Amino acid sequence: MGEMTDKTKGIANEAAGNTKQAVGDATNDHSMKAEGKAQERKGEAQNLKGEVKGALGDKV
């Protein structure tokens, strides 16, 4: 995947993760909150991967 693809997917996963965490808080669903936290972290990693690819010219 290219830099922008990774960044876009990362942002989408972070947003979905944050939403799941908010729903988990509102409904007192600890499982949903944990799932959201994991998805947010996945998104952060994808975003970082995109930044690295941008810095290295998509050679990663």
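Just so it is clear, the structure is predicted and the values come from calculations on it, not from any experiment. Every chain is numbered independently, its residues counted from 1 as its sequence is written. Local features in a predicted model are, by the rule used here, given only for residues with pLDDT of at least 70; side-chain atom pairs are given and counted only at 80 or more, and totals for whole chains, interfaces and linings are based on all residues. Each side-chain value is worked out from all heavy atoms of the structure, with water and hydrogens disregarded.

A few words now on unusual backbone geometry. In this model, Asn28 sits at a positive phi of 60°, which is unusual for a non-glycine residue. Segments assigned H or I by DSSP are reported as helices when at least four residues long, segments assigned E as strands when at least two residues long, and all are numbered from the N terminus. Residue position: Asn28 is located in the loop between helix H1 (3-27) and helix H2 (30-56).

What follows deals with the packing of H1 against H2. For helices, the fitted axis covers only the stretch in contact; all axes are lines through C-alpha atoms, and the angles between them, taken along N-to-C directions, range from 0 to 180 degrees. Two numbers describe how H1 lies on H2: the axes approach to 7 Å, and their chain directions differ by 160°. The angle between H1 and H2 falls in the class roughly antiparallel. Viewed along their axes, H1 and H2 form a crossing whose handedness is left-handed. Here the residues of the contact of H1 with H2 sort into four nonpolar, 13 polar and 16 charged. When describing relative orientation, an angle under 35 degrees is termed roughly parallel and one over 145 degrees roughly antiparallel, while 65 to 115 degrees is termed roughly perpendicular and anything else oblique. Crossings are classed by handedness, with left-handed meaning an anticlockwise turn of the near helix from the far one by less than a right angle and right-handed meaning a clockwise turn. Amino acids outside the nonpolar list (Ala, Val, Leu, Ile, Met, Phe, Trp, Tyr, Cys, Pro) and the charged list (Asp, Glu, Lys, Arg) are all regarded as polar, and Gly is one of them.

On to the side chain of Gln21. Relative to the elements of secondary structure, Gln21 occurs in helix H1. Accessibility expressed as a relative area gives 12% for Gln21, which makes it buried. Apart from the residues lying within four places of it in its own chain, the contact partners of Gln21 are Lys33, Gly36, Lys37 and Glu40. Think of it in three bands: with a 1.4 Å probe and only protein chains considered, a residue is buried below 20% of the maximum accessible area for its type, exposed above 50%, and partly exposed in between. The contact criterion used throughout is that any non-hydrogen atoms of two residues lie within 4.5 Å.

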